[in-house]
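Here is how the chains run, residue by residue.
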Amino acid sequence: MLDTKNYFGTEDFKGYWHENKKIIYNKRPKESWQCMPIGTGKTGAVVFVPDEGICLQINHGGSFDSDGNLPALLRVNLEIDGKPFVDAKNYKQILSLEKGMVTICADTPDGIVKAEFIAHQELDVISIYIEDMRNNHGEVSICPLFWRQSVSQTLIDNAMFFTENNICSAFNEINFQSGVMNNNLSDPLKDLSYGTAVWVDKADSNNLPMKRVMSRKVRILIAADSGKYSKDTLVKTLKNKIDRASTISLDEFRNSHFNWWKNFWARSEFELKKDSKLQPVRAIWHLNRYFTASSMAGQLPPKFNGSIFLYDYDRRHWGGAYWFQNTRLQYWPLFKCGDLDYIMPFFDMYINALEYAKERTLSLYGHKGAIYLETMHSWGGSRIGDSRNGEGVVNNYIKNYFTGSLELLMMMLEYYRYTQDSSFVINKMLPVADEIILFFFNHFPIRDGKLFLEKSAALETWWEADNPSDQIAGLRAVIPKLINTAIKHGYDNSAINRWKNYLELLPELPRGANWFNKNVKKYNYQGYEGTWRKPETGNALMPAENVHHLDKRNYEDPELYALWPFGLFGKSLPDYSSALLTFNNRIHEEPSNGWSQTAVWAARLGLADETAKLLLKQYRYASVFPGGMMFSPGNIVPNRPDIPECGYFDTIGVMTTAVNEMLLQDYTDQSQILPAWPKDEFVHFKLHTVCSKVVEKTYKPK
């Protein structure tokens, strides 16, 4: 029986999913974790309503501080005389994904008070409109709140500006710890300015840091920005955004915003019957696309931990560096959803860090090639604490974790399959690929005529693993595709011939059977003390040839990366039975972490009912935020052990990928339609596939 939950949030505060792509609150969200998120793609805000009134917390995707963290910018409190939201007889708050807006309606004994929040994608401005229809309407006080002494305040006409500037930077220290001492590198942190503007129409007071309006109708505009310029230039940039938006009537502002969202939603579709048990899955799919449009239009990727929707001041567990294992899960859904115009900041971050990765590789390992750190800052530097004194990575979870660079190449190859963008292949993908593949064949020895990945790692779960399955699968998947793509584009023959030689040196995927005792979470002991060796016989895929420790260190199944993302096995490929055997005997049966890919693997194997069950279990586990953000392991809110201190977006991304794989698979030359869809469920979908083609299908159970 399917595991169902018909709401977002917790037992004490629920956000109800409505089939018209809405989340509805029937009571006031007093706590910040109960917020609803909106975003322009670059600037984000969360909306909640404590006793004081409405509160928005503003975030921006480029506002990195001097240590490379990404703090929130400002809170804006909107206090209305009489506190109508506290005294409301009926309260309703709606997040409309279809229109990209949040609305609040409070029915008080004296009349109705409404508030509307729109984050305009094209203008990069957030609009707030309050309409007070009480007989005795009150004054609205707009009270910005900041909590860092470095914030500078400026007042120009009806706009308040709150700006910061990084007068120093941890850039050189991070590079030293990372093992890169190039003094010619450009520091992206020092002299970076960022800030917020708050404009109030027809304000009755011109004081800092508060404005008051005595009117039944109040319009407020908020803009944020960041860049390598002076405070004066930042203020001018913010003022230009506000000036442009304020000259547009509210109706015109709304209509252009709604039309933008109408065009966005028309790209792809996923619809079910109103009473479908899979409505939570439909909600996840639409929420993920909403977050794509609301957060991915910046120059850098949104953080998987909090994105531009921090709600508890600056609290963002796992910090400001980028974690590939989690960040990539936000981007895989873009292919089939038709949203690839948002993917280039993700690719460009790594492409721009290539020279840094090459220098770091030469400095630490003494050979050529490039490998990207699992946890890195946008320019390539190590997360603080993961590397030390230029002597290499000291965090054993990621020390020998190299699979991310191979998956990056897999995603770039997939981008070419979908777009046929030859310029991207020649100028971006192939130069990166050449350095990454070179790394593996310089870094590891040749033993008995084959590459031997000695004391590497099988993801973060098995440290010091020989011939880890995920890395071998990655090499076996990307090298043949690189060769074919390079030949087609007339790429350097020496690189092509080198890759052909490398292909002959690749080891087989490790196989065996009965390798892990789930009851005690330890290996079935084989080999010498402190080391596990794979069984000599059996067809199931193993995580590695040997592992030099006995205890599991994380929650991953590296042997199933051959199934996805690397696509060496699947429903329509040879040796299906081995992949199915591996899946059925996986260690981690439940999708109980944000990055769990279990449902994607089930879909790739064509296990329709199993995929649906896994997705609903993951939804029940992760949907703790009533406003649609997701749970993943991390620090928690004080006195709420069930709520993390920020929302997570790897969870919703991987779930959307699983949905897409249920509906359409195209990892072979022949697309498969509904390869893992339950036979008793109606569905209509419109998705994208290779060569910019669109697949639309309606399925009605017999």
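Above this note sits the structure.
Everything numeric in this text was worked out from a predicted model, so none of it was measured. (Residues numbered from 1 in each chain as written. Predicted model: local features only at pLDDT ≥ 70, side-chain atom pairs only at ≥ 80, totals over all residues. Heavy atoms only, no water.)

A. Region of the structure containing the overall build of the protein chain. Tallying secondary structure elements over the protein chain gives 16 helices and 36 strands in all. Radius of gyration (C-alpha) of the protein chain: 26 Å, near the 27 Å computed for a compact globule of 702 residues. Seen along its three principal axes, the alpha-carbon backbone of the protein chain occupies a region of about 85 × 70 × 50 Å. Within the span of the protein chain, comprising 702 residues, buried residues form 62% of the whole. (Helix = DSSP H or I, 4+ residues; strand = E, 2+ residues; numbered from the N terminus. Rg over C-alpha atoms; globule rule 2.2 N^0.38 Å. Buried < 20%, exposed > 50% of the residue type's maximum accessible area, 1.4 Å probe, protein only.)

B. Here's a closer look at the state of the cysteines. If you walk through the whole model with that rule in mind, you get zero disulfides. Of all cysteine sulfurs in the structure, the one in C35 sits closest to C55, which takes part in no disulfide; the separation is 9.8 Å. By relative accessible area, C55 is classed as buried at 2%. Unpaired in this structure, C646 has its nearest cysteine sulfur neighbour in C35, at a distance of 11 Å. (Disulfide = S-S within 2.5 Å.)

C. How the structure looks around the packing of helix α8 (residues 354-365) against helix α10 (residues 422-443). Between α8 and α10, whose axes approach to 11 Å, the crossing angle comes to 10 degrees. Put simply, α8 runs roughly parallel to α10. Two packed elements cross with a definite hand, and for α8 against α10 that hand is left-handed. Note on element contacts: α10 touches α8 through P431, V432, E435, F439 and H443, opposite L354, K358, T361 and Y365. Per-class residue counts for the contact of α8 with α10 are five nonpolar, two polar and two charged. (Axes fitted to C-alpha atoms, helices over the stretch in contact; angles between N-to-C directions. Parallel < 35°, antiparallel > 145°, perpendicular 65-115°, else oblique. Left-handed = near helix turned anticlockwise from the far one by under 90°. Contact = heavy atoms within 4.5 Å. Nonpolar A, V, L, I, M, F, W, Y, C, P; charged D, E, K, R; others polar.)

D. Focus on the sheet that holds strand β35 (residues 683-689). If you trace the three strands from one edge of the open sheet to the other, you get β18-β35-β36, paired in antiparallel fashion. The sheet is open, and its two edges are formed by β18 (269-271) and β36 (693-699), each paired on a single side. Looking at each pair of strands side by side, their axes are set apart by 15 degrees on average, direction ignored. Strand direction decides the pairing type here: β18 and β35, joined by three bridges, are antiparallel. Each residue of the ladder has a partner; that of F270, found in β35, is F685. In this fold helix α4 (residues 279-295) packs onto β18 and β35, with an angle of close to 160 degrees to the strand it touches most, β18. (Pairing = 2+ DSSP bridges.)

E. Molecular detail of the packing of aromatic side chains. Per the counting criterion, the structure on display carries 45 aromatic pairs. Here the aromatic rings of F304 and W323 are separated by 6.5 Å at their centres, their planes lie at 65 degrees, and the arrangement is edge-to-face. With F304 in the loop between α4 and β19 (322-323) and W323 in strand β19, this residue pair connects regions lying 19 residues apart in the sequence. Given the relative accessible area of 9%, W323 is considered buried. Here Y331 and F346 contribute two aromatic rings whose centre-to-centre distance is 4.5 Å and whose plane-to-plane angle is 15 degrees, an arrangement assigned as stacked. Of this pair, Y331 sits in helix α5 (residues 324-331) while F346 sits in helix α7 (residues 344-352), and the two are 15 residues apart along the sequence. Classification of Y331 as buried rests on a relative accessible area of 0%. What makes F346 buried here is its relative accessible area of 0%. One aromatic cluster is present, formed by W260, W261, F264, W265, Y290, F291, F309 and F649 through successive ring pairs. The ring of Y619 carries the charged tip of K5 above its face, separated from the ring centre by 5.8 Å. (Phe/Tyr/Trp six-rings, centres within 6.5 Å; stacked < 30°, edge-to-face > 60°. Lys NZ or Arg CZ within 6 Å of the ring centre and 35° of its normal.)

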